[in-house]
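Listed here are the chains, written in short residue letters.
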Amino acid sequence: MGCKMNAAVSIWRRLSLFVLVSSLCSCPCRAEDSAMENIVTEKKAEESHRQDSADLLVFILLLTLTILTIWLFKHRRFRFLHETGLAMIYGLLVGVVLRYAIHVPSDMNNVTLSCNVNASPATLLVNVSGKFYEYTLKGEISANDVDDIQDNEMLRKVTFDPEVFFNILLPPIIFHAGYSLKQRHFFRNLGSILAYAFVGTVVSCFIIGLFMYGCVMLMKQIGHMGGDFFFTDCLFFGAIVSATDPVTVLAIFNELQVDADLYALLFGESVLNDAVAVVLSSSIVAYQPEGDNTHTFEAMAMLKSFGIFLGVFSGSFALGVATGVVTALISFNFTKLRDFPLLETALFFLMSWSTFLLAEACGFTGVVAVLFCGMTQAHYTFNNLSPESQDRTKQLFELLNFLAENFIFSYMGLTLFTFHNHVFNPIFIVGAFLAVFLGRAVNIYPLSFLLNLGRRNKISSNFQHMMMFAGLRGAMTFALSIRDTATYARQMMFSTTLLVVFFTVWICGGGTTQMLSCQKIRSIGPDGVERRSTKHESAWFFRIWYNFDHNYLKPILTHSGPPLNATLPACCGPLARCLTSPQAYENEEQLKDSDSDLILNDGDITLSYGDVTVSTDAAGAHTSGTPVGGVAVNSDEALDRELAFGDHELVIRGTRLVLPMDDSEPPLPLDSHRHRHKNETMS
């Protein structure tokens, strides 16, 4: 027994010594392996950094080439192709080169392993020889594309995360749309703009969705459908392609000085219907009937989605307006940031951008919030900025809008060849084009007919044809379609959406000048057409809002309104002095309200031309002075005739404004006008 114990101890000692020696011998080897791994990792990181820099350089060169070509086009007055269409062409060319001409092989050490899991985790930890490595999910790929992805590393690098578009590129575009909005023409046509943006977008969504559902059923019947495609998917497609972006047409309108009301209708509709399309698409995604089949119709689920639409839109609207008001009230009105323009501009920029992120973090829609934040900032905060900051903010957001928009259009062209999950179906594509134009027609023509029943200034047929033609799709449609490409249906939507955007930007955008000539829509000068500005052009609601805003909100939120002690009752004197800024008293004498030509109220208007004076009293009745020759003139006729010729002077609350009128007929000399006026009256 003792011999056996001694033998066991001897064997254990020898084994322990062997393990110790082996471990001592293997330590230098393991250290060397670890050092080599660190060197390889550093080299890979350096190569990845160089690759990323090269990819960004590609987009910078694209934008540079686009800018230089834009200058050449403007120099040659070439209007057949807008800068966005040009950026798409350059993106297409670069995409072809990256796809077929440049071959960047991936690391030979890449390994494809199979592992059965029930779901695709967003983050994957891999144990490699005792070391854990973290991998993030890039998205689903088909089995046929595995080798292709491994063979070209650059194609993966130039594919951006869709959240980059929503959180970085979209906010400056949407904010600039609200910040640069011409409020006078926008509010003068606000009723029509709201009808096109809300009612028209919803109607267009359902028309396109129903039409595409018919195409999908046809594809299923003939066996051309490779995956699931439900009615809710068709409605989602209708929502995203109902977002118009006539940036090409509006740029040509601005350059040619086309009718201001037509510009306001198109621009206002595109700004608001982008917001409506975003909320509408999210409401369709939120449609969840009870039971196993989540794609059946259920009234309660539909009402819930409608409630989500109203709640998200109203919440986003309130958040955007509240942020703009807080910016005007706290950040600028009660601080001395005006003395530091750089800090003032930086704070303005950060608070504007944070509106988008705050809305997204709260479960609302950042597009709606930042849009109305921009409109509120332009109406209130802009008046509080120093002159240097006013110029800086305008130029800053104009620059960001230009770069972001052209970057997105360049990326559109690039993704046609670099995106690996395209699904092109001829029947779906043809049906999408027909559905888009049908939805646009149902949006414009019936609504215009109904709106003309209550409009004093009718939307003419040539304006309607131009609005129908100008329904381009752009950045918002692309951003909504690329945000989710995980399923077969979403991949087909994305591929078709690209073709729709290409066609509308190149064909419709390029034919804008010819369409204007065909419809006989002429240029009208630098300030647009200032038609008859009577009290009938402003609805009672907006006249009430203007008075409330001018007398109470602007004095509180800006330095440009009248002092509150002049508008509030005498008993509120202490409160008025507390809420009114000292600058408001200083600016009282030279006050000029930028919105004074927006709303014309009874009792505030006096029109003077020659020896004829036309005014309105508090009851709305017109009184007219006696013209030369002592011939009496009916007040309504005098008002219409005096507004029909040349420039006139408009006196509003003691402020004398000279407004250019319709220049379709040149202004007559004073004597000839008197002679003509006298002859017309006597006849």
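Look above for the structure.
Worth saying up front: this structure is predicted, and the values here are computed from it rather than measured.

Participant: Please explain the pairing of strand β2 (residues 131-136) as it appears in this structure.
Facilitator: For a regular strand, side-chain orientation follows a simple rule: the groups alternate between the two sheet faces. When you tally the buried positions in β2, you get zero out of six residues, a small fraction of the element. Summarising the sheet, strand β1 (residues 123-128) and β2 pair through six bridges and their orientation is antiparallel. Opposite Asn127, over in β2, you have Phe132 as the bridge partner. The hairpin turn running from β1 into β2, its antiparallel successor, is two residues long, and Ser129 in that turn takes a positive phi close to 55 degrees.

Participant: Which parts of the structure should I look at to understand the packing of helix α15 (residues 426-452) against helix α18 (residues 488-510)?
Facilitator: How two helices sit against one another is set out by the angle between their axes and by the gap between those axes. Two elements in contact, α15 and α18, have axes whose closest approach is 10 Å; the angle formed by their N-to-C orientations is 55 degrees. Regarding the angle of α15 to α18, the classification is oblique. Considering how the two elements wind past one another, α15 and α18 form a crossing that is right-handed. Seen from α15, the contacting residues are Phe428, Ile429, Ala432, Phe433, Val436 and Phe437; seen from α18, they are Met492, Thr496, Leu499, Val500 and Phe503. Counted by class, the contact of α15 with α18 contains 10 nonpolar, one polar and no charged residues.

Participant: So what exactly am I meant to see when it comes to a nonpolar patch on the surface here?
Facilitator: Together, Leu124, Val128, Tyr133 and Tyr135 make up an exposed nonpolar region whose accessible area comes to about 370 Å². Of all the elements in the fold, those that place two or more residues in the nonpolar patch are β1 and β2. Tracing the backbone through its elements, the reader meets Val128 in strand β1.

Participant: So what exactly am I meant to see when it comes to the nonpolar core here?
Facilitator: Nonpolar side chains in soluble globular proteins generally cluster together in the buried interior. Among the nonpolar cores identified, the biggest contains 125 residues, and Met212, Phe229, Phe237, Phe253 and Phe478 are the most heavily contacted of them. When residues in this core are grouped by element, the largest group, 14 residues, is from helix α10 (residues 260-285).

Participant: How do you make sense of the side chain of Thr512 when you look at a structure like this?
Facilitator: Note that Thr512 resides in helix α19 (residues 512-518). Here Thr512 falls in the buried class, since its relative accessible area comes to 0%. A distance of 2.9 Å separates a polar side-chain atom of Thr512 from the backbone oxygen of Gly509. If we skip the residues at most four places from it in the chain, Thr512 touches Val249, Ile252, Phe253, Met466 and Phe469.

Participant: What's the story with the pattern of salt bridges in this structure? I'm lost.
Facilitator: When their charged atoms lie close together, side chains carrying opposite charge are able to pair. Summed over the entire model, instances satisfying the criterion amount to five salt bridges. Across the salt bridge formed by Arg188 and Asp261, the nearest N and O atoms sit 3.1 Å from each other. Placement of Arg188 in helix α6 (residues 183-188) and of Asp261 in helix α10 is noted, with a sequence separation of 73 residues between them. Pair check on accessibility: Arg188 and Asp261 agree, each one buried.

What counts and what doesn't
- Residues numbered from 1 in each chain as written.
- Predicted model: local features only at pLDDT ≥ 70, side-chain atom pairs only at ≥ 80, totals over all residues.
- Heavy atoms only, no water.
- Buried < 20%, exposed > 50% of the residue type's maximum accessible area, 1.4 Å probe, protein only.
- Helix = DSSP H or I, 4+ residues; strand = E, 2+ residues; numbered from the N terminus.
- Pairing = 2+ DSSP bridges.
- Axes fitted to C-alpha atoms, helices over the stretch in contact; angles between N-to-C directions.
- Parallel < 35°, antiparallel > 145°, perpendicular 65-115°, else oblique.
- Left-handed = near helix turned anticlockwise from the far one by under 90°.
- Contact = heavy atoms within 4.5 Å.
- Nonpolar A, V, L, I, M, F, W, Y, C, P; charged D, E, K, R; others polar.
- Patch = residues over 30% accessible without salt bridge, like charges linked within 9 Å, V, L, I, M, F, W, Y side chains within 5 Å.
- Areas by Shrake-Rupley, 256 points an atom, 1.4 Å probe, with all protein chains shown as cover.
- Salt bridge = Lys/Arg side-chain N within 4 Å of Asp/Glu carboxyl O.
- Core = buried A, V, L, I, M, F, W, Y, C linked by side-chain atoms within 4.5 Å.
- Polar contact = N/O pair within 3.5 Å; in protein donor to acceptor, adjacent residues only side chain to side chain.

It is worth stressing that arrangement in space is one thing and function is another; only the former is reported here.
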